[in-house]
Amino acid sequence: MEVVMGALPGVINRLGDLLVGHLNLHKTEKGEIRFLQVELESMQGALEKHSSTPADQLDFQDKIWARDLRELSYDIENTIDTFMVHGKSSEFTWPHSFKEFIGRSYDLFSQFQVRRKIVNETRDIKRRVIEVGERRERYKVNNDVHKPPAVDPRLLARYEKVTNLVGMDNARDEVVKILMGGDETFKKQGDIVSIVGFGGLGKTTLANVVFEKIGAQFDCSAFVSVSQTPNMDRLFNDMLCQLSKTSNASTNVIDKLRQFLENRRYLIIIDDIWDISVWKMIKCALPENNGNKIVTTTRVLSVAEQIGASYKLKPLSIDNSRKLLYRRIFGEENKDNCEDEELFKISDGILKKCGGVPLAIITIASMLASKGRNTLMWHKVYKSIGTGLETCLDVKNMRNILSFSYYDLPSNLRTCLLYLSVFPEDYAIEKDCLIWMWIAEGFIQCQRKGESLFELGEVYFSELINRSMIQPVFDGYNATIKYCRVHDMILDLICSLSSEENFVAALSDVDHTSPSPSPSKKIWRLSLQNNKVHHAPHWDTTSMQQVRSVIAFPSAFHLMPALPRFRVLRVLDLDGCDLSQGDYSLTFIGNLFHLRYLGLRRTRISELPEEIGNMRFLQTLDIRCNEVCLPSAVVRLSNLMCLRISNRTRVPIGTIGSLTSLEELSTLSIYNDSMGSVKELCHLTELRVLDIVCQTEQADTTEKSLVEVLSKLQKIQSLDILIYGGDCSLDAWAAPPCVRRLRLDRCWFSTLPGWMNPCLLQDLSFLWISVRVLKQEDLEILGRLPTLSYLYLKVDQENVRDIGRYCISECSFPCLVFCSLCGFGGPVVFRQGAMPRLRSLRFMFPVQEARKITGNSGSLDLGLGNLPSLQDVIVRFRCEGANKEEVEEGRTALRSAAQIHPNRPVLEIY
């Protein structure tokens, strides 16, 4: 059963809190609350026993019972929230004047009225709980259902080894042959190839391997996704950014695209086209020059045939399906076969039901990985899949396979996954924002005192990746996960379940959503996605008082109901919606007392109302990309855990230091007249994420204040500091062992600090550091950091001229993906076995120093061929002291190294 837990876990905990605080309850009132707590705990236990049972296997009355209980839990939570907002301290203080006496009397009378209302509502809820419990007895649920065991969490460690799908080599070579004119059948239309097939067959994967195979042969390249309801402005801007390697945002983007591509040979992948009209629009932006190549993917055969040469992607053969299954389960050892004859027979039955669909195979393999070689467990998985794809490849059967993995998730992860149905197809979901939304909704409940909600949310997020339910999207250097996407088939599944259980009401063009929610149905979460609907639904006949989340996207913002219609809203996200136009006002925002998450990024607001201080429960405030001054009323937001502001946001002195619950603060700008804000950071001892931009001319004062503050922030995991107006020394500071990310721009260390110890910094994955003097042994130390994936290392050129060359030794930097070595006075040589995962390399090449080491033999070899994963290299030549001939010799050596490298990495020399 989906989402049957509703708000139960959080409600039970909060009922316990009511018994020990907030108001001196009478004995009778305490008894009623204790009754609710015990009763709901019993119901939660019953629900847990069968919550993993697919909906189509439950009795209709069971669904009604679960729905009533879920809605009841929301009503209880709303009642508690109302109590928390209106309830006041019962401590009595003697009034000092008649006016104070009148005011005090009025407050007591108001509190009595609120308390009486709360008591009445509590009794009404008690009556409803009893009714739900009696219904439970009348329609008992069969608890004897099979719950699939959990997936081995260690599977994530194998993820890198199994992501390359098998059986793609032949298809890749065929598509490349068509593109490059080697296939006589498609001679006339080979410049455009459209890969066609049903969802989950691997169209995008095939397009990607083609892209990686031949991308380096073109002047520029891009890979963009379209989806069913494309945002064409965003698509064209994304395409132009990838092609030109610059950030662009223009209304004339089509003209700029054509102008940029006019005399260039390009390769463009256009993924997931649903309608031929979209292709025609895209085609207008692409000039038809000789040698250009375009690859598209689509699920619609007629669209593919109109685009160009249609390539029908076939399901995997049984042999390749078997290889994919075994590699996913067993890893590299015994990766292509199964020695157990019984397991071999069962796996063939499973593969037959998967029908050669890679996504289905990976989904089932993700669960089988934790079963080991247990024949009984494999057989149970096989029997639970149902008919699957054995007879036909329609959406319903695919959902059967995907839903099996879905129901294998713990109930808390299922709820978090279903919440992703508020986002449209192909949307890049920012990881941190998503976790803060989960927290605001109450989906994440800490079991131990002192446990961080956000860190637990990160565990949830990683587990969904581990179980192949969401796809990670890395940053531009493939070093850290910044976003996630939901595969089309998974999104189809969770949207269907969400709609069936009335979890999210989404306004979009997708079939499984309702464009106009039924007035008889309560809306709990509202997602406005559709950019084609021009007439708002009949909101006047739909209750909005119980809505908990509203996520509006720019193309559908005109459908947004007025804020006064919401009473218990917890999440409000208007990212990208233009609030500077029309009559939409934030003046009512202060009355959303229950709000936990407020996302106003890129909304063009010029100010925040002082009433924002009324939102005492607010946990996340995101006003990035707006020029706005933070109101002084923010000091009243005692529960604020995440504050995201622009580096242009002015913060009044005395504001930041009051927000002692803050765990994330970015980006705080420090100016000459706001140095006091730095010292205020000493009070924020819970900070995990801190991003500072210092734009001052007081280098000494800034340095001293920073060292003093940072020494007190022992929970810091991510620290970004950018200094303007002079360099700053941090020799007197030592990073805490829990740090994961350090970006210290224009902050110098005289030597590599002693705390940069691989035994201590077990989680450091991102490092941007500047060192005056760097020794060879310092590189050895950095190379032993176990999880480092991004390194920007700058040294003082004046201090490294006589050191000679540096060596990156074997087995060093095992996880590094991006490396930039700046200011080195001698050449850097890479030994065999060094940096096995490095994809992007940036370094300085001092021609004269290199000549001193190699002599006149000309046999300059930096060892680039020893970097097996290398994809692109940028080299900056330092030519001082060298003649033109020596410079050209250096260039020739580097070009030769790139040409003979198996990956043919892209080489840029400056």
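See the structure printed just above.
All residue numbers refer to position in the chain's written sequence, counted from 1. In keeping with the predicted nature of the model, local features appear solely for residues at pLDDT of at least 70, side-chain atom pairs appear and are counted solely at 80 or more, and the whole-chain, interface and lining totals rest on all residues. Excluded from the side-chain calculation are hydrogens and water; included are all heavy atoms of the structure.

Engineer: Can you explain the pattern of salt bridges? Please cite residues and give values.
Structural biologist: Whenever Lys or Arg places a side-chain nitrogen within 4 Å of a carboxyl oxygen from Asp or Glu, that contact is recorded as a salt bridge. Considering all chains together, one arrives at 26 salt bridges under this definition. A salt bridge links Arg-525 to Glu-441, with the nearest nitrogen and oxygen atoms 2.9 Å apart. With Arg-525 in strand S10 (residues 525-528) and Glu-441 in helix H18 (residues 431-441), this residue pair connects regions lying 84 residues apart in the sequence. For every residue, the accessible area (1.4 Å probe, protein chains only) is compared with the maximum for its type, and the residue is labelled buried under 20%, exposed over 50%, or partly exposed between those bounds. Residue class for Arg-525 comes out buried when judged on its relative accessible area of 1%. Think of it this way: any DSSP run of H or I at least four residues long counts as a helix, any run of E at least two long counts as a strand, and we number them from the N terminus.

Engineer: I'd love a proper account of unusual backbone geometry, names of residues and values included.
Structural biologist: Residues Ser-666 and Thr-667 are joined by a peptide bond in cis, for which omega reads -5°. Its place among the elements puts Thr-667 in strand S16 (residues 664-671). One non-glycine residue, Arg-604, lies in the positive phi region at around 60°. Here Arg-604 lies in the loop between strand S13 (597-599) and strand S14 (620-622). Look at Arg-604 and you get exposed, because its relative accessible area is 59%.

Engineer: How would you explain the packing of aromatic side chains if you had to name every residue and give the values?
Structural biologist: Only rings of Phe, Tyr and Trp enter the pairing, Trp through its six-membered ring, and a pair is recorded when the two centres are within 6.5 Å. The plane angle decides the type: under 30 degrees is stacked, over 60 is edge-to-face, the rest tilted. The tally for this structure, following the rule as stated, stands at 14 aromatic pairs. Look at Trp-733 and Trp-755: their rings are 5.5 Å apart centre to centre, the planes differ by 65°, and that puts the pair in the edge-to-face class. Of this pair, Trp-733 sits in the loop between strand S19 (728-729) and strand S20 (741-749) while Trp-755 is found in the loop between S20 and strand S21 (766-771), placing the two residues 22 residues apart along the sequence. The same class applies to Trp-733 as to Trp-755, namely buried. When the ring of Phe-749 is compared with that of Trp-755, the centres are 6.0 Å apart and the planes differ by 70°; the resulting orientation is edge-to-face. Either the NZ atom of lysine or the CZ atom of arginine qualifies as a charge over a ring when it sits within 6 Å of the ring centre and within 35 degrees of the ring normal. Over the ring of Trp-768 we find Arg-743; its NZ or CZ atom is 4.1 Å from the centre of that ring.

Engineer: Go over the nonpolar core with me, naming the residues and quoting the values.
Structural biologist: Counting 122 residues, the largest nonpolar core has Met-560, Leu-572 and Trp-733 as its most contacted members. Within the second largest apolar cluster, 53 residues are counted, among which are Ile-429, Met-469, Ile-490 and Cys-642. What we call a nonpolar core is a set of buried Ala, Val, Leu, Ile, Met, Phe, Trp, Tyr and Cys residues that are connected through their side-chain atoms within 4.5 Å.

Engineer: Quick rundown of helix H13 (residues 341-354)? Include the residues and the values.
Structural biologist: Here the expected length of a helix is defined as 1.5 Å per residue gap, with one fewer gap than residues. Taking 1.5 Å per residue as the helical rise, H13 with its 14 residues ought to reach 20 Å, and the 20 Å between its terminal C-alpha atoms agrees with that figure. Within H13 the residues assigned to the buried category are Leu-343, Ile-346, Ser-347, Gly-349, Ile-350, Leu-351, Lys-353 and Cys-354. Positive backbone phi, at 65°, marks Gly-355, one or two positions downstream of H13.

Engineer: Could you give me a rundown of the sheet that holds strand S1 (residues 192-196), with the residues and numbers involved?
Structural biologist: Paired through their backbone hydrogen bonds, the strands of a sheet run either parallel or antiparallel. With respect to topology, 5 strands assemble into an open sheet ordered S2-S3-S4-S1-S5, the strand pairing being parallel. Among the strands making up the open sheet, the edge pair consists of strand S2 (220-225) and strand S5 (309-312). Each strand axis lies, on average, 15° off the axis of its neighbour in the sheet, ignoring direction. Should DSSP find at least two bridges between two strands, the strands are taken to pair. Inspection of the sheet shows S2 paired to strand S3 (residues 266-273) by 6 bridges, in the parallel sense. Its bridge partner lying in S3, Cys-220 is registered against Tyr-266. Contacts from helix H8 (residues 232-244) reach S2 and S3, with the element oriented near 150° to S2. Note on geometry: axes are lines fitted to C-alpha atoms, helical ones only across the stretch in contact, with angles between N-to-C directions running from 0 to 180 degrees. We call two residues in contact when some of their heavy atoms are within 4.5 Å.

Engineer: Describe helix H23 (residues 776-783), naming the residues involved and giving the relevant values.
Structural biologist: Turning to H23, its buried residues number three or more, namely Asp-778, Leu-779, Leu-782 and Gly-783. The buried residues of H23 occupy one face: seen down the axis, they fall within an arc of 140°. Tucked inside the fold, the buried residues of H23 contact S21, strand S22 (790-795) and strand S23 (806-808). What the arc measures is the spread of directions leading from the helix axis to the C-beta atoms.

Engineer: So, the sheet that holds strand S6 (residues 429-430): which residues are in play, and what are the values?
Structural biologist: Reading across from one edge, S6-S8-S7 is the order of the 3 strands in this open sheet, with antiparallel pairing throughout. At either end of the open sheet lies a strand with only one pairing partner, and these are S6 and strand S7 (471-474). In the sheet, S7 pairs with strand S8 (residues 481-485) via 4 bridges, with the strands oriented antiparallel. Paired with Val-473 across the bridge in S8 is Tyr-483.

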